[in-house]
Amino acid sequence: RRPLRPACASLPPAVGKSTFVRLLRRAFPSWQVVLEPVSKWQKLRAAGSRQVRAEGAAPSQSIGNLLQLLYQDPSRWSYTFQTYSCLSRLKAQLQPLSANPAKTLEAVQVFERSVYSDRFVFAKNLFEIGHLTEIEWTIYQHWHTFLLQAFGDQLGLHGFLYLRAPPEVTENVAHRECCSSG
């Protein structure tokens, strides 16, 4: 078994997570840094819609921007989004390391977010602010617990990286990001 040291950068929104992850990549190029699959959430495709098409035909269309739906109507889309985001994080954590033997000797994986932050930060917060119903939260916890038990050590993390910032800083960063993306 390879000596793997997976960790999760469980950082609050707008605290500089993307910058921190870029710095980690630059400082430790041999580390495997796994980013959140935001583009998958924004361009959700129907299952089985791989790009099988005739030459010259238009690429298959996205069926929706799940992230945008969540922001537009969080009470309607929170459970759907958390289910899909947890699935995408689960898949990322279960991916094998690079086949490069030099990289696996002292392998370090850093996940931008993990199945743990999905449940204990995001889903829990959505329940606490009323965007997940009690039955949705209960169902989410049941299947999440089942997945953790079913995959056991494959999902274990060596540690969590946490950046702390005053609310004023995160508010300024969030405002800049909001204004620059619009």
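Fair warning: this is a prediction, and the values are worked out from it, not measured in the lab.

Analysis parameters
Residues numbered from 1 in each chain as written. Predicted model: local features only at pLDDT ≥ 70, side-chain atom pairs only at ≥ 80, totals over all residues. Heavy atoms only, no water. Helix = DSSP H or I, 4+ residues; strand = E, 2+ residues; numbered from the N terminus. Buried < 20%, exposed > 50% of the residue type's maximum accessible area, 1.4 Å probe, protein only. Contact = heavy atoms within 4.5 Å. Areas by Shrake-Rupley, 256 points an atom, 1.4 Å probe, with all protein chains shown as cover. UniProt positions renumbered as here; feature names shortened; annotations may be inferred. Core = buried A, V, L, I, M, F, W, Y, C linked by side-chain atoms within 4.5 Å. Axes fitted to C-alpha atoms, helices over the stretch in contact; angles between N-to-C directions. Parallel < 35°, antiparallel > 145°, perpendicular 65-115°, else oblique. Nonpolar A, V, L, I, M, F, W, Y, C, P; charged D, E, K, R; others polar. Salt bridge = Lys/Arg side-chain N within 4 Å of Asp/Glu carboxyl O.

**Description of the overall build of the protein**
In terms of regular secondary structure, the protein is built from eight helices and four strands. Classification of the 182 residues of the protein by burial places 30% in the buried group. A sequence separation of at least 24 residues applies to 71% of the contacts in the protein between residues at least 6 apart. Here the protein has roughly 11,700 Å² of accessible surface; of this, 57% comes from carbon and sulfur atoms.

**Let's talk about the side chain of D118**
Within the fold, D118 resides in helix α6 (residues 115-128). For D118, the residues in contact, after removing those within four places along its chain, are Q82, S85, C86, R89, A123 and Y140.

**Some points on the UniProt feature "active site" (unreviewed entry) in the protein**
The sites that UniProt annotates as "active site" (unreviewed entry) are E112. Tracing the sequence through the fold places E112 in the loop between β3 (108-111) and α6.

**Some remarks on the nonpolar core**
Within the largest apolar cluster, nine residues are counted, these being C86, L90, V115, A123, L126, L132, W137, Y140 and L155. Mapped by element, the contributors of at least two residues to this core are α4 (74-94), α6 and α7 (134-151). Among the elements that make up this core, the one with the highest residue count is α6 (three residues). Apart from the residues within four sequence positions on either side, Y140 is in contact with Y79, Q82, C86, D118, R119 and A123. Judged by nonpolar contacts, the second largest core, of six residues, contains L44, L66, L70 and F81.

**Thoughts on the packing of α4 against α7**
Packing of α4 against α7 brings their axes to within 11 Å, and their N-to-C directions diverge by 10°. As judged from the angle between their axes, α4 and α7 are roughly parallel. Residue-level inspection shows Y79, Q82, T83, C86, L90 and L94 of α4 in contact with α7, the latter providing E136, I139, Y140, W143, H144, L147 and F151. Of the residues in the contact of α4 with α7, the class split is nine nonpolar, three polar and one charged.

**A closer look at the pattern of salt bridges**
For the structure shown, the criterion picks out four salt bridges. The salt bridge involving R89 is made with E36; its shortest N-O contact spans 2.3 Å. Of the two residues, R89 is situated in helix α4 and E36 in the loop between β2 (32-34) and α2 (38-42); the sequence distance between them amounts to 53 residues. For the salt bridge of R89 with D118, the shortest nitrogen-to-oxygen distance reads 2.3 Å. Taken as a pair, R89 in helix α4 and D118 in helix α6 lie far apart in primary sequence, 29 residues in all. Exposure remark for R89: the relative accessible area of 5% places this residue in the buried category.

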